[in-house]
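Structure assessment
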Amino acid sequence: MTNATDPDKPAEGAGESLDFIRTIVTDDVKAGKNAGRVQTRFPPEPNGYLHIGHAKSICLNFGIAKQFGGKCNLRFDDTNPTKEDVEYVDSIKEDIRWLGFDWDDREFYASDYFEQLYEWAEHLIKTGKAYVDSLEADKMREYRGTLTEPGKPSPDRDRPPQESLDLFRRMRAGEFPDGALVLRAKVDLASPNFNMRDPILYRIRRAHHHRTGDKWLIYPMYDWAHGQSDAIEGITHSICTLEFENHRPLYDWFLDNIPAPCHPQQIEFARLNLTYTMMSKRKLLRLVQDGYVSSWDDPRMPTLSGLRRRGYTAAAIREFADRIGVAKRDSIVDVALLEHCVRDDLNASAPRVMAVLRPLKVVLENYPEGQVEHFELPAHPDNPEMNMRKIPFSRVLYIEHDDFMEDPPKKFFRLAPGREVRLRGGYFIKCNSVVKDPVTGEILELRCSYDPATRGGVAPDGRKVKVTIHWVSADHAIEAEVRLYDRLFSDPDPGADREGVDWTSLINPNSLEVLKGCKLEHTAAGAEPESRWQFERIGYFCADRRDSKPGALVFNRTVSLKEDNWRKG
RNA sequence: UGGGGUGUAGGUCAAGGGUAGACCGGCGGACUUUGGCUCCGCAUGCUGGUGGUUCGAAUCCACCCGCCCCAGCCA
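Residues numbered from 1 in each chain as written. Chains lettered and ligands numbered in written order. Predicted model: local features only at pLDDT ≥ 70, side-chain atom pairs only at ≥ 80, totals over all residues. Heavy atoms only, no water.

**Notes on the state of the cysteines**
As enumerated under the stated definition, the model contains zero disulfides in all. With no disulfide of its own, Cys431 lies closest to Cys448 among cysteine sulfurs, the gap being 4.5 Å. Summary of cysteine pairing: Cys518 is not part of a disulfide, and the nearest cysteine sulfur, belonging to Cys542, is at 16 Å. (Disulfide = S-S within 2.5 Å.)

**Remarks on the packing of helix α7 (residues 222-232) against helix α8 (residues 248-256)**
Two elements in contact, α7 and α8, have axes separated by 9 Å at closest approach and are oriented at 60°. Our classification of the angle between α7 and α8 gives oblique. Here the hand of the crossing between α7 and α8 comes out right-handed. For the pair α7 and α8, contact is made by Asp223, Trp224, His226, Gly227, Gln228, Asp230 and Ala231 and by Leu250, Tyr251, Phe254 and Leu255, respectively. (Axes fitted to C-alpha atoms, helices over the stretch in contact; angles between N-to-C directions. Helix = DSSP H or I, 4+ residues; strand = E, 2+ residues; numbered from the N terminus. Parallel < 35°, antiparallel > 145°, perpendicular 65-115°, else oblique. Left-handed = near helix turned anticlockwise from the far one by under 90°. Contact = heavy atoms within 4.5 Å.)

**Regarding the pattern of salt bridges**
By the definition in use, this model includes 59 salt bridges. The salt bridge partner of Asp28 is Lys33, with a shortest N-O separation of 4.0 Å. Across the salt bridge formed by Arg159 and Asp156, the nearest N and O atoms sit 3.0 Å from each other. Here Arg159 falls in the buried class, since its relative accessible area comes to 15%. (Salt bridge = Lys/Arg side-chain N within 4 Å of Asp/Glu carboxyl O. Buried < 20%, exposed > 50% of the residue type's maximum accessible area, 1.4 Å probe, protein only.)

**Digging into the domain arrangement of chain A**
Parsing chain A into structural domains produces domain 1 (20-113 + 225-344), domain 2 (121-221), domain 3 (352-473) and domain 4 (478-568). Once you take the C-alpha centre of each, domain 2 and domain 4 turn out to be 51 Å apart. (Domains from an automatic or database assignment.)

**As for the nonpolar core**
When a protein is soluble and globular, its nonpolar side chains tend to lie buried together. Among the nonpolar cores identified, the biggest contains 40 residues, and Ile52, Ile96, Leu99 and Ile317 are the most heavily contacted of them. Of all elements in the fold, only α2 (52-67), β2 (71-76), α3 (86-99), α10 (304-310), α11 (314-324) and α12 (335-349) reach the threshold of two or more residues within this core. Per element, the largest residue contribution to this core is six residues, and it comes from α2. Taken together, domain 1 (20-113 + 225-344) and domain 4 (478-568) each give at least three residues to this core, which thus spans both. If we skip the residues at most four places from it in the chain, Ile317 touches Ile52, Ala55, Trp98, Leu99, Leu304, Leu307 and Tyr312. By size, the runner-up hydrophobic cluster in this structure holds 35 residues, among which are Val132, Met171, Trp216 and Leu255. (Core = buried A, V, L, I, M, F, W, Y, C linked by side-chain atoms within 4.5 Å.)

**Some details on the sheet that holds strand β3 (residues 107-109)**
Ordered by their spatial adjacency, three strands build an open sheet running β1-β2-β3, and the pairing between neighbours is parallel. One side of each edge strand has no neighbouring strand; the edge strands of this open sheet are β1 (39-42) and β3. If you compare each strand with its neighbour and ignore which way they point, the axes differ by 35° on average. Of the strand pairs in this sheet, β2 and β3 are connected by three bridges, and their pairing is parallel. Bridge assignment links Phe76 to a residue of β3, and that residue is Tyr109. Along the sheet face, α3 touches β1, β2 and β3 and points at about 160° away from the line of β2. (Pairing = 2+ DSSP bridges.)

**Topic: the pairing of strand β15 (residues 396-400)**
β15 sits mainly inside the fold: four of its five residues count as buried. Relative to strand β20 (residues 471-473), β15 runs antiparallel, the two being bridged by three bridges. What sits directly across from Tyr398, in β20, is Val472.

**Remarks on the sheet that holds strand β6 (residues 200-204)**
Ordered by their spatial adjacency, four strands build an open sheet running β4-β5-β6-β7, and the pairing between neighbours is antiparallel. The sheet is open, and its two borders are formed by β4 (130-133) and β7 (218-220), each paired with just one other strand. For this sheet, the mean angle separating the axes of adjacent strands, direction not counted, is 20°. With three bridges connecting them, strand β5 (residues 182-185) and β6 associate as antiparallel partners. Each bridged residue has a counterpart across the sheet, and for Leu183 the counterpart in β6 is Tyr202.

**Re the protein's contact with RNA strand B**
Close to RNA strand B lie 67 residues, the nearest being Arg205, Arg329, Arg352, Phe413 and Gly456. The contact atoms of RNA strand B, taken as those within 4 Å of the protein, divide so that sugar and phosphate hold 66%. A distance of 3.0 Å separates a sugar or linking oxygen of RNA strand B from a polar atom in the side chain of Asn80. A distance of 3.3 Å separates a sugar or linking oxygen of RNA strand B from a polar atom in the side chain of Glu245. Put simply, the parts of the chain that give the surface near RNA strand B at least two residues each are α5 (137-143), β6, α11 and α12. Element by element, the count of residues in the surface near RNA strand B is highest for α12, at four residues. Its residues placed into classes, the surface near RNA strand B shows 24 nonpolar, 17 polar and 26 charged. (Near = heavy atom within 4 Å. Polar contact = N/O pair within 3.5 Å; in protein donor to acceptor, adjacent residues only side chain to side chain. Nonpolar A, V, L, I, M, F, W, Y, C, P; charged D, E, K, R; others polar.)

If you want it as structure tokens, here you go:
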């Protein structure tokens with residue numbers, strides 16, 4: 001008996017476990033709800049840049065739509081002109097496209113619906129379910145009651161519909177100053193859910209809106225705009241984060257009290273938290289404004305533009321979103337999983353190149369001066385389709401400073417006085433002596449000898465070396481700047497509010513180290529901005545899409561290679 | 001103190017009445033011209049607690065406890 005012939009099995013994802021949202025959608029489709037149609041939406045407010053947490057939502061919404069043969073709209077929730085800006089809508093669109101999703105022509109704005117929203121508001125007034133209130137903000141807070149006491153009615157609560165209607169129209173016409181009046185729904189002042197204690201639908205705000213300009217003087221609140229926008233677009237499943245769970249009764253109440261074209265179902269899931277970073281838009285904004293980072297797309301930022309600039313691939317982020325799952329409990333995902341996803345992707349695709357970040361000069365005493373030979377190495381160890389690279393070799397080389405130790409500990413297998421190692425793709429070399437600065441004791445260069453019989457890296461006599469190190473020919477190397485990025489925070493959960501701790505004190509002071517004069521294999525000379533490479537034995541690097549230029553290359557470390565912990569033992 | 005949620009390996013997430021799995025991480029080993037990759041193996045869980053129903057409970061019921069969200073004219 002196979003699933004394929006069993007009508008009771010879900011059409012999608014059969015055999016695999018579904019997250020709770022896909023389970024709901026599957027059941028709805030099976031039950032013929034919405035005529036089997038699935039329509040989702042991703043509804044960002046254009047008041048900041050998208051971050052990895054948004055990526056989870058984007059992948060979920062676009063992913064579900066695709067999986068069930070539906071569509072996902074992009075809708076900007078632009079109901080608060082004082083905080084929103086076109087700069088953000090542009091960046092949001094760019095980031096979603098980069099992530100690999102397409103909304104075709106379904107680019108919507110809550111502000112597109114202001115007129116319809118206004119009409120429905122009048123409908124609520126006419127049916128006695130909304131009223132214009134003149135209570136000041138402070139008073140209104142007082143009247144709203146507390147967790148244990150019910151709210152009490154505003155003196156305006158029983159204003160006749162006709163009077164409210166008149167006032168509301170005059171609010172729109174601009175007859176009152178900002179904040180003088182609001183439109184409130186008449187729901188239930190005694191509800192233990194504050195959202196139901198006569199929520200505000202409209203406030204007066206003389207603010208220039210990035211799309212509607214100065215047309216409107218009154219703007220709808222989130223609660224009044226969101227569900228109605230969903231209904232207008234025919235959304236079937238309105239997926240949002242947990243903090244809106246308390247809003248669901250209101251979401252439903254509005255839809256039940258207007259002639260809505262349909263009634264979407266709101267479903268809430270837990271937003272993403274990641275270790276060693278934070279998602280708070282407010283705090284992210286402060287990192288930028290106070291100069292802790294250079295910009296929204298600083299490679300240390302958890303923004304999509306930051307991750308992109310750091311060298312993360314869209315595929316890696318999508319894979320990550322798949323792996324973290326979807327649930328309702330608050331959690332914090334280990335950033336190591338994200339790093340695993342990029343390594344996995346980049347390991348398969350990034351061409352290899354040798355790069356010496358902290359050069360240590362090596363002179364091969366027995367190699368003829370002026371001689372140059374070339375070795376061939378594959379650009380990728382297990383992808384023969386990628387070309388071979390020809391690497392020049394000569395008497396003076398650079399190796400990584402870390403690959404030499406004068407007095408090595410037990411588990412250090414690299415170069416040391418009297419010790420032999422293999423130069424990747426080249427010869428075995430042995431360290432004969434160390435040249436030091438007589439004053440400082442600093443190691444200036446290594447005098448070594450090579451074994452001509454080991455060309456290509458194998459010894460005819462069968463002797464082995466413990467390790468292979470990377471190198472670059474001094475005369476043939478190109479130079480580059482390399483930016484070593486590390487986690488922005490030194491605390492695993494910097495977003496958690498702890499009393500007495502200012503979150504900015506948790507910023508990792510060593511989150512960026514800039515290395516100049518790094519020596520790279522010439523193969524990397526043509527590195528295009530945003531091209532990704534593996535610097536062998538070091539990590540994955542991406543040519544900075546803003547600062548890297550031909551002849552003045554700048555690479556960002558995306559993530560290091562996983563390292564055997566020889567230092568620990 | 002009111003309401004709404006949520007508690008399963010170190011971390012995320014599965015199992016939905018038949019005695020707990022995957023991935024990441026950790027540890028160990030094999031392989032290796034990247035201390036990478038790959039491959040093998042190991043470990044940790046009284047499934048928040050206590051009672052109850054049942055032949056049998058992580059799954060059902062009751063009570064309790066922890067954590068998160070809610071008193072913006074923010075979203």
